[in-house]
Amino acid sequence: LIVVASPALLTDDRRSHVARYARGALLAADAIGRIPTPLDEVRAALHLATPQELFDLGDAPPELARRLRRLVGKVKGAFAVRERVIYLDREQGAEPRRFVYGHEIGHGALPWHEDAYYCDDHRTLDPNTDDELEAEANAFSADLLFNLDSFTEQAHASKIGLAPALELAGIYETSRHSAIRRYVEDSPRPCA
């Protein structure tokens, strides 16, 4: 439910498993190779409801609304499992909102998240499980936004350096930070 920067790193096997689901979501939306990734089409292909304003609590399920009232200003997005509705804080910038949107789509797309994430929070969900689920949703979002390997292939088709990552951040509608991170993490060449 809560998007946080998770220190948990996924194993290569776990990362590959999540990437297979991201590929399936992109295929379902006919969005492979479509840059920037049309997140609304991916969401619709996964049968998730149209995103709602996070803090417009009138339409939120009562239990979710009660928890969200305590989190105003701290939460960027949420996913109501039963209703399959994504809630987004529309006050955040465009690039962070796209990442959060992809993250919440990930909670809806990764089937094992449904049982683990039914209105749990930091008091009811084991911290290690929470870190892993958040890291999986983050990885899913990155795979959507960077259209799997498309960004990496484009970024590394030229001389190594920050310029390709920074240029492609605008094209992929991601933050510069996430573009640089993806550039380094997925680099076929040594770089830092």
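From a predicted model like this one, the values you see are computed outputs, not experimental measurements.

Rules used throughout
Residues numbered from 1 in each chain as written. Predicted model: local features only at pLDDT ≥ 70, side-chain atom pairs only at ≥ 80, totals over all residues. Heavy atoms only, no water. Pairing = 2+ DSSP bridges. Helix = DSSP H or I, 4+ residues; strand = E, 2+ residues; numbered from the N terminus. Buried < 20%, exposed > 50% of the residue type's maximum accessible area, 1.4 Å probe, protein only. Salt bridge = Lys/Arg side-chain N within 4 Å of Asp/Glu carboxyl O. Axes fitted to C-alpha atoms, helices over the stretch in contact; angles between N-to-C directions. Parallel < 35°, antiparallel > 145°, perpendicular 65-115°, else oblique. Left-handed = near helix turned anticlockwise from the far one by under 90°. Contact = heavy atoms within 4.5 Å.

A. Just the sheet that holds strand S1 (residues 52-53), in detail. Spatial strand order, S1-S3-S2: 3 strands in an open sheet with mixed pairing. Either end of the sheet is taken by a strand with one partner, and the two such strands are S1 and strand S2 (77-80). Bridge count between S2 and strand S3 (residues 85-88): 4 bridges; the pairing is antiparallel. Bridge pairing in S3 links alanine 78 to tyrosine 87.

B. The environment of serine 16, seen in detail. Considering the arrangement of structural elements, one finds serine 16 in helix H1 (residues 12-28). Judged by its relative accessible area of 38%, serine 16 falls in the partly exposed class.

C. Here's a closer look at the pattern of salt bridges. Inspection of every chain in the model, using the stated rule, returns 8 salt bridges. Its salt-bridge partner being arginine 34, residue glutamate 41 comes within 2.8 Å of it at the nearest N-O pair. Judged by its relative accessible area of 37%, glutamate 41 is partly exposed. What you see here is one network of salt bridges that share partners, running through Arg15, Asp143, Arg182 and Asp186.

D. Here's a closer look at the packing of helix H8 (residues 162-172) against helix H9 (residues 176-185). It is the contact of H8 with H9, at a shortest axis distance of 8 Å, that shows an interaxial angle of 135°. Relative to H9, the element H8 lies oblique. Crossing geometry of H8 relative to H9 is assigned as right-handed. Along the contact surface, H8 presents Leu162, Ala165, Leu166 and Ala169, while H9 presents Arg176, Ala179, Ile180 and Tyr183.

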